[in-house]
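# Structure at a glance
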Amino acid sequence: MQSPALRVLGRPVPILLALVATTSVMAQGARPSSESASPPIDWRSAEAGILTNQTQLTFRDRFVKAGESYFSPDGRRIIFQAVEQPTDEREPDEFYAMFVADLITAAESDGAPRWQLENIRRVSPTGSANTCGWFHPIDPDRILFATTIGPPTASDPPGFQRGTSRYRWSFPPEMRIVEAKLSELPLVPLAAEAKPGDPSDIPTNLLRLLAGDGRAYVAEGSISNDGRTLLFCSLETNEGDLFVKDLESGSITPLVMAPGYDGGPFFSPTGDRICYRSDRRGNNQLQLYVADLERDAEGRVIGATTEYAVTANSDVNWCPYWHPAGEHLVYASSTVGHRNYEIFVVDARSDDGAVPPQRRYGTNPRRITFADGADVLPVFDSTGAIMMWTSQRHDDRSSQVWIADFVMPLEPRTSDPGVGRVGGEAAPANGGAAR
């Protein structure tokens, strides 16, 4: 049953100024100003026992910036958004394009990097704005992403604005979610690798519309592991709200319609919950939530019921993502500082079958990354043994895609299951029903 308390109050769409410090630095690739005079961190030593074989996948010689990357279900490909380096005197494109690449694992003994990308190809139309790529969980040939298809009408691109210290978060109304088959798309190589006669654009008739009509921003989409349900964010209600679309029947159901911008949602591995972030407090800080899902007798998602607070502090917490075991979330936080966002992992458990029921939301937050510069947008492969994220840890401080073996043990430490302490403030373990 749809939770009646998750309703919109009709406020104007917020611009998420809480992300100014992180994303403004990431957008222009500049070295962030230090909040102290401390020397650079030896991040490989600091991350020992957490991450190993940290490897940069995208580089500034090809991409001005790159990030928000996701694995294919079999781990053989990734999809990511990036801005290519121009091959002439032109300025770089204003908006992100969408790319797919083969993820190659090198032999351990040949001295090559543990991972590298090959066959990088653009899969979005020229001039369009794009974000939030995703692979279909069952059909490896299908991808989805949010795109304006053509150039967006908004004249202000997202990112750092020249001459100011402000970051503009863009919500093009033409943004909608499309699906494409990789086997049908032409190979559009990187500009630096293009040869005369190579294709240069993606025919828009190969993009099948999944959600959105071009009149309101619709993006941040992903599909449940069974391939049945599309989860996404829409500004059609004038705020960021969460919806699901049953891909079998085409029916659309509202899930989370609380005040403020609720976005960045993902299904849990078992499909019984979703995670997301919200600015519903209206204080320019983002917090993380998990909500239980309700399904009908046919398995169709028909609403969200109980909502749990995972963070409740004075920090900016965003981009949550499930570990494949379904008991933890990784996310980025300003806990360390607004000029140096870092990645954390936290408990997100709900075992109502246990006696007594066990709910651990917000317990055992543990820091994963320790490098200077922002580390954000963490994701796992299907095994949970490999983590990929967006980082500025390279010397040029541009935002690029990184990957590593994830070796941190996730067994819970000693803690009180009733209270989770995140960023110095207590977070209730069950957060209360969102009613």
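Residues numbered from 1 in each chain as written. Predicted model: local features only at pLDDT ≥ 70, side-chain atom pairs only at ≥ 80, totals over all residues. Heavy atoms only, no water.

## Some remarks on the sheet that holds strand 16 (residues 262-267)
Spatially, 16-17-18-19 is the arrangement adopted by the 4 strands of the open sheet, whose pairing is antiparallel. For this open sheet the edge positions go to strand 16 and strand 19 (301-309), each flanked by a neighbour on one side alone. The mean inter-strand angle of the sheet, taken between neighbouring strand axes irrespective of direction, is 30°. Relative to strand 18 (residues 287-295), strand 17 (residues 273-278) runs antiparallel, the two being bridged by 6 bridges. Residue S278 lies in a different strand from strand 18, and its bridge partner there is Q287. (Pairing = 2+ DSSP bridges. Helix = DSSP H or I, 4+ residues; strand = E, 2+ residues; numbered from the N terminus. Axes fitted to C-alpha atoms, helices over the stretch in contact; angles between N-to-C directions.)

## A closer look at the pattern of salt bridges
Taken as a whole, this structure holds 21 salt bridges when the rule is applied. Where D88 meets R90, a salt bridge forms, and the shortest distance between an N and an O atom there is 3.0 Å. By relative accessible area, R90 is classed as partly exposed at 47%. Note that D262 and R280 form a salt bridge whose closest N and O atoms lie 2.7 Å from each other. Of the two residues, D262 is situated in strand 16 and R280 in the loop between strand 17 and strand 18; the sequence distance between them amounts to 18 residues. As far as burial versus exposure is concerned, D262 and R280 are alike and both buried. Taken together, the salt bridges that share partners define one network made up of E327, D347, R349 and R366. (Salt bridge = Lys/Arg side-chain N within 4 Å of Asp/Glu carboxyl O. Buried < 20%, exposed > 50% of the residue type's maximum accessible area, 1.4 Å probe, protein only.)

## Some words on the confidence of the model for the protein
Confidence in the prediction for the protein averages 84 pLDDT; 80% of positions are at 70 or higher. In this model residues 158-167 is a low-confidence stretch, pLDDT under 50, and it forms 24 contacts with partners more than four residues away in sequence or in other chains. Counted against residues more than four places away or in other chains, residues 413-435, with its pLDDT under 50, gives 66 contacts. (pLDDT = per-residue confidence, 0-100. Contact = heavy atoms within 4.5 Å.)

## Here's the deal with unusual backbone geometry
In the Ramachandran plot, N238 falls in the positive-phi region, its phi being about 80° despite a non-glycine side chain. Structurally, the position occupied by N238 is in the loop between strand 13 (229-234) and strand 14 (241-246). For N238, a relative accessible area of 39% corresponds to the partly exposed category.

## Some thoughts on the environment of F99
Following the sequence through the fold, F99 ends up in strand 4 (residues 97-105). Judged by relative accessible area, which is 1%, F99 ranks as buried. When the C-alpha positions of F99 and L190 are compared, they lie 9.4 Å apart, and in sequence the two are 91 residues distant. In contact with F99, other than residues within four places in its own chain, are F63, I78, I79, F80, A82, E84, I120, R121, R122, V123 and L190.

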